[in-house]
Amino acid sequence: QITLKESGPTLVKPTQTLTLTCTFSGFSISISGVGVGWIRQPPGKALEWLALIYWDDDKRYSPSLKSRLTITKDTSKNQVVLRMTNMDPVDTATYYCAHRRVGIGSSWDFDYWGQGTLVTVSS
Amino acid sequence: QSALTQPASVSGSPGQSITISCTGTSSDVGGYNYVSWYQQYPGKAPKLMIYEVSNRPSGVSNRFSGSKSGNTASLTISGLQAEDEADYYCSSYTSSGSLYVLFGGGTKLTVL
């Protein structure tokens, strides 16, 4: 059974760096084809894809946020970490981590999601 | 890169069929068969309903189907049920500028 759970601060100040941790079980990110991504959703708004890390440490970032994002993995701890620098009130959102569906060939969708964690940016 | 375009809302009566569109460009929806659809209830995480344009994950009702024509993908829900009332998001792989994923703006489905 695959599960994921996000953890991190619920409140950050503008200009601070946000660090979120995704702790997962039921799969290993060291296995070929596996990936974990981050997606966010501002209150009442649409989903926004942020970043994805693969089993081989390949990484993909949203171009609009690439300069502020860093995604890393700790295979031994079954964790993926997302760092976002220079936080702003517009970054207030629920942040989700999710498991990349493993299929034949490439896949760009997520079949298991964490419950999400609401991060508020305010002074 | 702009988000994919979805209607803000659609509605239908129980038993009817509805279709939600998702319009992109030749760099995303039209260029690749990596269109997905997610269902999201208020306060809950999204759930994958369709992947690679028309494939259903195990456990998803066959009342949900997906298709694509040109730069527009569609999600059709047949035999509408009250439990289908939710927000629906499309997503697509894009090669515009970088290799990543775009989401649509979301569509609120109301079951009358």
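Up top is the structure these notes are about.
Residues numbered from 1 in each chain as written. Chains lettered and ligands numbered in written order. Predicted model: local features only at pLDDT ≥ 70, side-chain atom pairs only at ≥ 80, totals over all residues. Heavy atoms only, no water.

### Side note on the overall build of chain A
Counting secondary structure elements, chain A contains zero helices and eleven strands. Starting at the N terminus, the α and β elements of chain A follow one another as β-β-β-β-β-β-β-β-β-β-β. Relative to the compact-globule value of 14 Å for 123 residues, chain A shows a C-alpha radius of gyration of 14 Å, a close match. Across the 123 residues in chain A, those meeting the buried criterion constitute 48%. (Helix = DSSP H or I, 4+ residues; strand = E, 2+ residues; numbered from the N terminus. Rg over C-alpha atoms; globule rule 2.2 N^0.38 Å. Buried < 20%, exposed > 50% of the residue type's maximum accessible area, 1.4 Å probe, protein only.)

### Observations concerning the interface of chain B and chain A
Contacts between chain B and chain A engage 19 residues on the former and 20 residues on the latter. At the boundary of chain B with chain A, total buried surface from both sides reaches about 1,700 Å², with 64% on carbon and sulfur atoms. The partner of Glu52(B) in a salt bridge is Arg101(A), and the shortest N-O contact between them spans 3.0 Å. Here chain B and chain A share eight residue pairs in polar contact (both at pLDDT 80 or more) between them. Broken down by secondary-structure element, the contributors of at least two residues to the side of chain B that touches chain A are β3 (35-40), β7 (86-94) and β8 (100-103) of chain B. Here the side of chain B that touches chain A is composed, by residue class, of twelve nonpolar, five polar and two charged. (Contact = heavy atoms within 4.5 Å. Buried area = accessible area lost by both parts, 1.4 Å probe. Salt bridge = Lys/Arg side-chain N within 4 Å of Asp/Glu carboxyl O. Polar contact = N/O pair within 3.5 Å; in protein donor to acceptor, adjacent residues only side chain to side chain. Nonpolar A, V, L, I, M, F, W, Y, C, P; charged D, E, K, R; others polar.)

### Re the sheet that holds strand β7 (residues 69-74) of chain A
Residues and elements named next belong to chain A. The strand order β1-β3-β8-β7 describes an open sheet built from four strands, whose pairing is antiparallel. The open sheet terminates on both sides in strands that have one partner only, identified here as β1 (3-7) and β7. If you compare each strand with its neighbour and ignore which way they point, the axes differ by 20° on average. The pairing of β1 with strand β3 (residues 18-25) spans five bridges and is antiparallel. (Pairing = 2+ DSSP bridges. Axes fitted to C-alpha atoms, helices over the stretch in contact; angles between N-to-C directions.)

### Considerations on the state of the cysteines
Following the criterion strictly, the structure yields two disulfides over all chains and no others. A sulfur-sulfur distance of 2.2 Å marks the disulfide that ties Cys22(A) to Cys97(A). Negative torsions about the S-S bond denote left-handed disulfides, and the value of about 70° found for Cys22(A) with Cys97(A) makes this one right-handed. Of the two residues, Cys22(A) is situated in strand β3 and Cys97(A) in strand β9 (residues 93-100); the sequence distance between them amounts to 75 residues. Given a relative accessible area of 0%, Cys97(A) falls into the buried group. The disulfide partner of Cys22(B) is Cys90(B), and the S-S distance across this bridge is 2.0 Å. Its torsion about the S-S bond being 75°, the disulfide of Cys22(B) and Cys90(B) is classed as right-handed. With a gap of 68 residues between them, Cys22(B) in strand β2 (residues 18-23) and Cys90(B) in strand β7 connect regions that are remote in the sequence. Here Cys22(B) falls in the buried class, since its relative accessible area comes to 0%. (Disulfide = S-S within 2.5 Å.)

### Here we look at the packing of aromatic side chains
For the structure shown, the criterion picks out twelve aromatic pairs over all chains. Between Phe110(A) and Trp113(A) the ring centres are 6.0 Å apart and the planes differ by 80°, which places this aromatic pair in the edge-to-face class. Residues Phe110(A) and Trp113(A) agree in their burial class; the two are buried. For the ring pair Tyr38(B) and Phe103(B), a centre distance of 6.0 Å and an interplane angle of 50° mean the geometry is tilted. (Phe/Tyr/Trp six-rings, centres within 6.5 Å; stacked < 30°, edge-to-face > 60°.)

### Overview of the environment of Thr19(B)
Residue and element names in this part refer to chain B. With respect to the secondary-structure elements, Thr 19 resides in strand β2. Using a relative accessible area of 46% as the deciding quantity, one classes Thr 19 as partly exposed. Separated by 23 residues in the primary sequence, Thr 19 and Pro 42 place their C-alpha atoms 21 Å from one another. The residues touching Thr 19, leaving out its near neighbours within four places in the chain, are Val 10, Ser 74, Leu 75 and Thr 76.

### Focus: the side chain of Arg101(A)
Structurally, the position occupied by Arg101(A) is in the loop between β9 and β10 (110-113). In this structure the side chain of Arg101(A) is engaged in a polar contact, spanning 2.6 Å, whose partner is the side chain of Asp109(A). Reaching out from Arg101(A), the side chain makes a polar contact with the side chain of Glu52(B) at a distance of 3.0 Å. When residues no more than four places from it in sequence are discounted, the contact partners of Arg101(A) are Ser107(A), Asp109(A), Phe110(A), Asp111(A), Leu48(B), Tyr51(B) and Glu52(B).

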